[in-house]
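Residue strings, one per chain:
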Amino acid sequence: MNIPAEILLITSGVGALQSAFFGLYLFTLRKGRQLMNLLLAFMLLAFAIRITKSVTYYFAEGHHVPILLQNVGYAANLAILPLLWLYLNAFLRDDYKFTWKNEGIHLVPPLLALLLSPVLTPYFWMNQHGYWLSLLMTGIYVPFCFYLVYKHFPIVSSAHKVWALCLTVGVTAVWAGYTANFIFHIVSYITGPVIFSAVVYFMTYLGLTQNNIFLKEQKYVNSTMTAAEVEGSFKKVMKVMVEHEPFKDASLTLPKLAKQLGITPHMLSETINKKAGQNFSDFINGYRIRNAQILLKSKENRHQKIAAIAFETGFNSLSAFNAAFKKVSNFISRLQST
């Protein structure tokens, strides 16, 4: 079936515009989990740039597009699936924190392509396999994204399951459309933008009807843990924290502590959330701050630098210590005011 060019242009063009508006809206949100929303906003804006480049290329006479626009579009293409991976981590994990040292590597390829955009040529992308390589590099993220969603299915609400799964399926479908065109030559180039338009319309609908997905989720609504099991797990946590002080390990993670306790990471996360009213990271930092306060008050450490105390108590930087100290202080103030 031949679809009129005007309909394809409107459908795909409006999809790119919708994605840009959706992303800009997320930038304005000040409530909820800002890191999560920022990552999604950047992904939607990257999509808007990518689709704009595709639509311009497809409908331009002779497919002539300014080289700078082409290169920025390719850079955006390199960023989409890595941003989806980072977003799903922030969306599904309580203990997730973005740091350039650890997560920045995922964004190196798109940033490098962006920096080189004034000098890269279409010959590099088409004749030297640059575009083929970008599709392969980003496609590697697809199974990891699906596994991450699957792994967290038991502990998230139905609305969050639908959002995470639909977003992952939608982004993958767009990637598959471009791959099917360029590598296998079985669909038209405009397939990717048209698929994306359908995806962004649907995601916008979900976002409007389930706007709590942009806020911090009430997790464990489908938990099978009894109150007695939660209480018993929390006693084990408290005992280990006092006797072995695992918080002094700067590389401590939720799975690592769960293994020490002999319980699953999901059980540990739920236990801390329900009994302490905090996520894993804030709970551990609370112990680190209290330990640091004790050390700072002791006579033996009168001449010790704060940075040294911070490292001794499990922080990997002074800035992390300062941020945690402020957050713990605010948490205690809220508890005292209730």
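Each remark here, short or long, concerns the structure printed above.
Rules of the game
Residues numbered from 1 in each chain as written. Predicted model: local features only at pLDDT ≥ 70, side-chain atom pairs only at ≥ 80, totals over all residues. Heavy atoms only, no water. Salt bridge = Lys/Arg side-chain N within 4 Å of Asp/Glu carboxyl O. Buried < 20%, exposed > 50% of the residue type's maximum accessible area, 1.4 Å probe, protein only. Axes fitted to C-alpha atoms, helices over the stretch in contact; angles between N-to-C directions. Helix = DSSP H or I, 4+ residues; strand = E, 2+ residues; numbered from the N terminus. Parallel < 35°, antiparallel > 145°, perpendicular 65-115°, else oblique. Contact = heavy atoms within 4.5 Å. Nonpolar A, V, L, I, M, F, W, Y, C, P; charged D, E, K, R; others polar. Phe/Tyr/Trp six-rings, centres within 6.5 Å; stacked < 30°, edge-to-face > 60°. Lys NZ or Arg CZ within 6 Å of the ring centre and 35° of its normal.

Some remarks on the pattern of salt bridges
Argument step 1. Tallied over the full model, the rule gives four salt bridges.
Argument step 2. A salt bridge links Lys-248 to Glu-245, with the nearest nitrogen and oxygen atoms 2.9 Å apart.
Argument step 3. Classification of Glu-245 as partly exposed rests on a relative accessible area of 30%.

What to know about the packing of helix H12 (residues 254–261) against helix H13 (residues 265–276)
Argument step 1. Contact pair H12 / H13: the axes reach a minimum separation of 8 Å and the direction vectors enclose 100°. Taken together, the axes of H12 and H13 lie roughly perpendicular to each other. On H13, the residues touching Leu-254, Pro-255, Leu-257, Ala-258 and Leu-261 of H12 are Pro-265, Leu-268 and Ser-269.
Argument step 2. In terms of residue class, the contact of H12 with H13 is built from seven nonpolar, one polar and no charged.

What about the environment of Leu-112?
Argument step 1. Looking at the element boundaries, Leu-112 is found in helix H5 (residues 108–115).
Argument step 2. Overall, the relative accessible area of 47% leaves Leu-112 in the partly exposed class.
Argument step 3. Each C-alpha atom of the pair Leu-112 and Ala-75 lies 8.0 Å from the other, and the pair is 37 residues apart in sequence.

Remarks on the packing of helix H11 (residues 227–243) against H12
Argument step 1. The N-to-C vectors of H11 and H12 enclose an angle of 100°; their axes lie 10 Å apart at closest approach. By the angle between their axes, H11 is roughly perpendicular relative to H12. Side by side, H11 and H12 meet where Lys-236, Val-237, Val-240 and Met-241 of the first sit next to Leu-257, Gln-260 and Leu-261 of the second.
Argument step 2. Considering only residue class, the contact of H11 with H12 consists of five nonpolar, one polar and one charged.

Brief notes about the packing of aromatic side chains
Argument step 1. Applying the stated criterion across every chain yields a total of 18 aromatic pairs.
Argument step 2. With 4.4 Å between their ring centres and 25° between their planes, Phe-47 and Phe-196 make a pair best called stacked. Here Phe-196 lies in helix H10 (residues 191–209) and Phe-47 lies in helix H2 (residues 34–59), a separation of 149 residues in the sequence.
Argument step 3. The class of Phe-47 is buried, set by a relative accessible area of 4%.
Argument step 4. One aromatic cluster is present, formed by Tyr-74, Phe-124, Trp-125, Tyr-131 and Phe-182 through successive ring pairs.
Argument step 5. The ring of Tyr-57 is capped by Lys-53, whose NZ or CZ atom sits 5.5 Å from the centre of that ring.

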